[in-house]
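# A structural walkthrough
As a plain string of letters, each chain reads:
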Amino acid sequence: GTPLQTKIRNILTAPFAHCFIGCCLVMNTCVTFMQLQILGDIANESLGLKTAAGSQDSFADVLRAADIVFVTIFLVDLLLNLYAFRLEYFLQIFNLVDAAIVLFTTVETFVLEPLA
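Just so you know, these numbers come straight off a predicted model, no measurement behind them. (Residues numbered from 1 in each chain as written. Predicted model: local features only at pLDDT ≥ 70, side-chain atom pairs only at ≥ 80, totals over all residues. Heavy atoms only, no water.)

We now examine the side chain of Asp67. If you trace the backbone, Asp67 turns up in helix α3 (residues 57-85). Buried charged residue Asp67 carries no salt bridge. Nearest counter-charge: Arg64, at 4.3 Å. Those residues in contact with Asp67 that lie beyond four places of it in its chain are Asn28, Val31, Gln35 and Thr109. (Helix = DSSP H or I, 4+ residues; strand = E, 2+ residues; numbered from the N terminus. Buried < 20%, exposed > 50% of the residue type's maximum accessible area, 1.4 Å probe, protein only. Lys, Arg positive; Asp, Glu negative; His and termini not counted. Salt bridge = Lys/Arg side-chain N within 4 Å of Asp/Glu carboxyl O. Contact = heavy atoms within 4.5 Å.)

Here you go:
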């Protein structure tokens, strides 16, 4: 590969990069749980059940922004891996699953949700 590919490979395989992506995954999971809580509160409200006082619209906007940031980070990570490792990236089943999840999530976040 090119010197740039080698440099990106070294960065992506460094412990810091794995730790960063791992932390992003954990934080994204927390954001998803909070979004589900808000959806549960909305469902409770529609059923006439008691919910927490106050509007959650601004908090939902913050969570949506965080979701966009994480999806963008995961997409950039995927694109960098594809550039650095080319077809070698797909030799591990985990990477195939990761690529599928990132692509589906990207389409959902940037195409389907704005259309809803």
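Moving on, we come to a nonpolar patch on the surface. A cluster of nonpolar side chains, contributed by Leu87, Phe90, Ile93, Phe94, Leu96, Val97 and Ile101, occupies part of the molecular surface with about 730 Å² of accessible area. Positionally, Phe90 belongs in the loop between α3 and α4 (93-115). Overall, Phe90 belongs to the partly exposed group, its relative accessible area being 32%. (Patch = residues over 30% accessible without salt bridge, like charges linked within 9 Å, V, L, I, M, F, W, Y side chains within 5 Å. Areas by Shrake-Rupley, 256 points an atom, 1.4 Å probe, with all protein chains shown as cover.)

With that settled, consider helix α1 (residues 3-12). The periodicity of an α-helix, 3.6 residues per turn, causes residues three or four places apart in sequence to face the same way. Within the span of α1, buried status applies to Gln5, Ile8 and Leu12. The arc that holds every buried residue of α1, seen down its axis, measures 65 degrees, which confines them to one face. In α1, the exposed residues that point more than 90 degrees away from the buried face are Pro3, Lys7, Asn10 and Ile11. In this structure, the buried side of α1 is in contact with α2 (15-46) and α3. (Arc of directions from axis to C-beta.)

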